[in-house]
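# Survey of secondary and tertiary structure
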Amino acid sequence: MIQNENFIPLKGYQKFSNEECFSKSEKFFNTVKLRRTVREFSSEPVLKETIENCIKSAGSAPSGANMQPWHFCAVSDLGLKKKIRIAAEKEEKEFYGGKAPQEWLDVLQKFETNPEKPFLEDAPWLIMIFEKKYDLDIDGKKIKHYYTKESVGIASGMLITALHFSGLVTLTHTPSPMNFLNDILDRPSNEKPFLVLVFGYPKENVMVPNIKRKPIPEIASFM
Ligand code: IYR
């Protein structure tokens, strides 16, 4: 047994039988499979405390050398949301108007996406997720981070799952490039925008794309 101050006993672990594990996995899947990306939101507010819980869940993600290389910037302010929408739509107009290769636009066609992004103002909250390429110590010396993309990707997945579990719907939005978010949100240069997560309650009678999920033999192999 390891005995030094770097380690503590595993807390709160609950052992389940194989049957219980199966039943819990099924229950989780039956909740998670209902998650759908939604593009139209009601303006109904969401409690800040709910968002804090979801961000705490995301912040419990594993990360390279436990550097926790993320920052979550939650925005409900109407003025900021408007600024973000204007800047994102500027990039998206270029994307749809010639920057994106035709092949890419062709696969997006069935989702009917376009440069208009009203959800950036309609949804009660946006969380801008930043990837911290490095940290700075009190003397301004760089602290290297490892596997930042992987770590922030895992945390983002956990945030989406937490919001879904709380009864909210999300949209993962990635205007490209998104450097404008550093200016609008006054974030430092060691933080790189990773994802805009739009979320709230869905607009009434919202429609979603008619898509299928790949079955297990297509996405997994057991050896
Ligand atoms: N960022 C654009 C384009 C876009 C790209 C992918 I890949 C999508 O799955 C959906 C949209 C937009 O948000 O419209």
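For the structure itself, look to the data block above.
Structural notes, computed from the coordinates.

Scoring rules and cut-offs
Residues numbered from 1 in each chain as written. Predicted model: local features only at pLDDT ≥ 70, side-chain atom pairs only at ≥ 80, totals over all residues. Heavy atoms only, no water. Core = buried A, V, L, I, M, F, W, Y, C linked by side-chain atoms within 4.5 Å. Buried < 20%, exposed > 50% of the residue type's maximum accessible area, 1.4 Å probe, protein only. Helix = DSSP H or I, 4+ residues; strand = E, 2+ residues; numbered from the N terminus. Contact = heavy atoms within 4.5 Å. Pairing = 2+ DSSP bridges. Axes fitted to C-alpha atoms, helices over the stretch in contact; angles between N-to-C directions. Near = heavy atom within 4 Å. Polar contact = N/O pair within 3.5 Å; in protein donor to acceptor, adjacent residues only side chain to side chain. 1 Å grid on protein atoms, 1.4 Å probe; cavity = no way out; pocket = protein on both sides within 12 Å on 5 of 7 lines; lining within 4 Å. Sits in = over half its atoms within 2 Å of the grid points. Nonpolar A, V, L, I, M, F, W, Y, C, P; charged D, E, K, R; others polar. Points joined across faces, edges and corners; volume = space filled by probe spheres on them.

### Here we look at the nonpolar core
Among the nonpolar cores identified, the biggest contains 22 residues, and Ile84, Leu120, Met128, Phe180, Leu181, Leu185 and Val198 are the most heavily contacted of them. If you list the elements that add at least two residues to this core, you get strand E1 (70-75), helix H3 (78-99), helix H5 (119-122), strand E2 (125-132), strand E5 (169-173), helix H7 (180-185) and strand E6 (191-200). Element by element, the count of residues in this core is highest for H7, at four residues. Once residues lying within four places of it in the same chain are set aside, the contact partners of Ile84 are Leu120, Leu126, Met128, Phe180, Leu181, Ile184 and Leu185. By size, the runner-up hydrophobic cluster in this structure holds 20 residues, among which are Val46, Cys54, Ile129 and Leu197.

### Some remarks on the pairing of E6
Summarising burial for E6: eight of the ten residues are buried, a large majority. Relative to E6, E2 runs antiparallel, the two sharing eight bridges. By the bridge assignment for E6, Ile127 is matched with Leu197. Examined bridge by bridge, E5 and E6 share five bridges and lie antiparallel to one another. Counted as the bridge partner of His173 is Val196 from E6.

### Regarding the sheet that holds E2
Here we have four strands laid out as an open sheet, ordered E1-E2-E6-E5, and antiparallel in their pairing. The open sheet has two edge strands, E1 and E5, and neither has a second partner. Each adjacent strand pair in this sheet contributes to an overall mean axis angle of 25°, direction not counted. Taken strand by strand, helix H2 (residues 48-58) contacts E1, E2 and E6, and its axis lies near 165° from that of E1. Contacting E1, E2 and E5, H3 runs over the sheet at an angle of about 65° to E2.

### A word on the site of the ligand
Around the ligand, the structure places Arg39, Glu92, Phe95, Tyr96, Trp104, Leu108, Lys117, His173 and Thr174. Take Tyr96: an N or O atom from its side chain is 2.5 Å from an oxygen atom of the ligand. Thr174 is positioned with one of its backbone polar atoms (N or O) 3.3 Å from a nitrogen atom of the ligand. Structurally, the ligand is housed in the largest pocket. When residues of the shell around the ligand are traced back to their parent elements, those giving at least two are H3 and helix H4 (102-108). Among the elements that take part in the shell around the ligand, H3 stands out by supplying three residues, more than any other. A per-class count over the shell around the ligand returns four nonpolar, two polar and three charged.

### Quick look at the layout of surface pockets
What the largest pocket holds in volume is close to 540 Å³. At the level of secondary structure, the elements contributing two or more residues to the lining of the largest pocket comprise H3, H4 and E5. When residues in the lining of the largest pocket are grouped by element, the largest group, four residues, is from H3. For the lining of the largest pocket, the per-class residue count stands at ten nonpolar, six polar and seven charged. Taken together, 20 residues line the second largest pocket, and the ones lying closest to its centre are Arg39, Glu40, Phe111, Glu112 and Thr113. When grouped by side-chain class, the residues that make up the lining of the second largest pocket number nine nonpolar, three polar and eight charged.

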